[in-house]
Amino acid sequence: MEKGWKEVYMTDSEVKAEMAKDILENAGIKCVIMNQHDSAYQSFGEFLIYTAEHDVARSVELLKNLKGE
């Protein structure tokens with residue numbers, strides 16, 4: 001990932017990754033989903049959500065409910 005971006009969420013579910021992206025974008029936070037799933041074995045790998053460094057604390061707080069914390 002480019003400099004200045006930090007991982008704020010990781011899941012093995014594409015649906016949860018899209019939900020996280022929607023939550024962040026609705027709060028005005030730009031984010032990117034990185035699909036780390038293996039192309040041959042779809043059961044291996046994760047979806048990672050990245051935001052700008054200055055949005056990390058707010059992003060983690062917004063996504064707490066999605067993680068079940």
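In the block above lies the structure referred to throughout.
Residues numbered from 1 in each chain as written. Predicted model: local features only at pLDDT ≥ 70, side-chain atom pairs only at ≥ 80, totals over all residues. Heavy atoms only, no water.

*Asks:* Before we move on, can you summarise helix α1 (residues 14-26) with the specific residues and values?
*Replies:* An ideal rise of 1.5 Å per residue puts 18 Å on 13 residues; α1 measures up with 18 Å between its terminal C-alpha atoms. In this structure, the buried residues of α1 make contact with β1 (5-11), β2 (31-35), β3 (47-52) and α2 (56-67). Trailing α1 by a residue or two, glycine 28 shows a phi angle of about 85 degrees, which is positive. (Helix = DSSP H or I, 4+ residues; strand = E, 2+ residues; numbered from the N terminus. Expected span 1.5 Å × (residues − 1). Contact = heavy atoms within 4.5 Å.)

*Asks:* Kindly report on a negative patch on the surface, identifying the contributing residues and their values.
*Replies:* Residues Glu14, Glu18, Asp22 and Glu25 make up a contiguous surface patch of negative charge. Among the structural elements, glutamate 14 can be located in helix α1. (Patch = residues over 30% accessible without salt bridge, like charges linked within 9 Å, V, L, I, M, F, W, Y side chains within 5 Å. Areas by Shrake-Rupley, 256 points an atom, 1.4 Å probe, with all protein chains shown as cover. Salt bridge = Lys/Arg side-chain N within 4 Å of Asp/Glu carboxyl O. Lys, Arg positive; Asp, Glu negative; His and termini not counted. Charge placed at Lys NZ, Arg CZ, Asp CG, Glu CD.)

*Asks:* An account of α2 is requested, with residue identities and associated values reported.
*Replies:* Its 12 residues give α2 an end-to-end C-alpha distance of 15 Å, which sits within 8% of 16 Å, the value for a rise of 1.5 Å per residue. Inspection of α2 places Ser59, Leu63 and Leu66 among the buried residues, and these make up the whole buried set. Angular distribution of buried residues about the axis of α2 spans 15 degrees; they occupy a single face of the element. Seen from the open side of α2, the exposed residues pointing more than 90 degrees away from its buried face are Ala57, Glu61 and Asn65. (Buried < 20%, exposed > 50% of the residue type's maximum accessible area, 1.4 Å probe, protein only. Arc of directions from axis to C-beta.)

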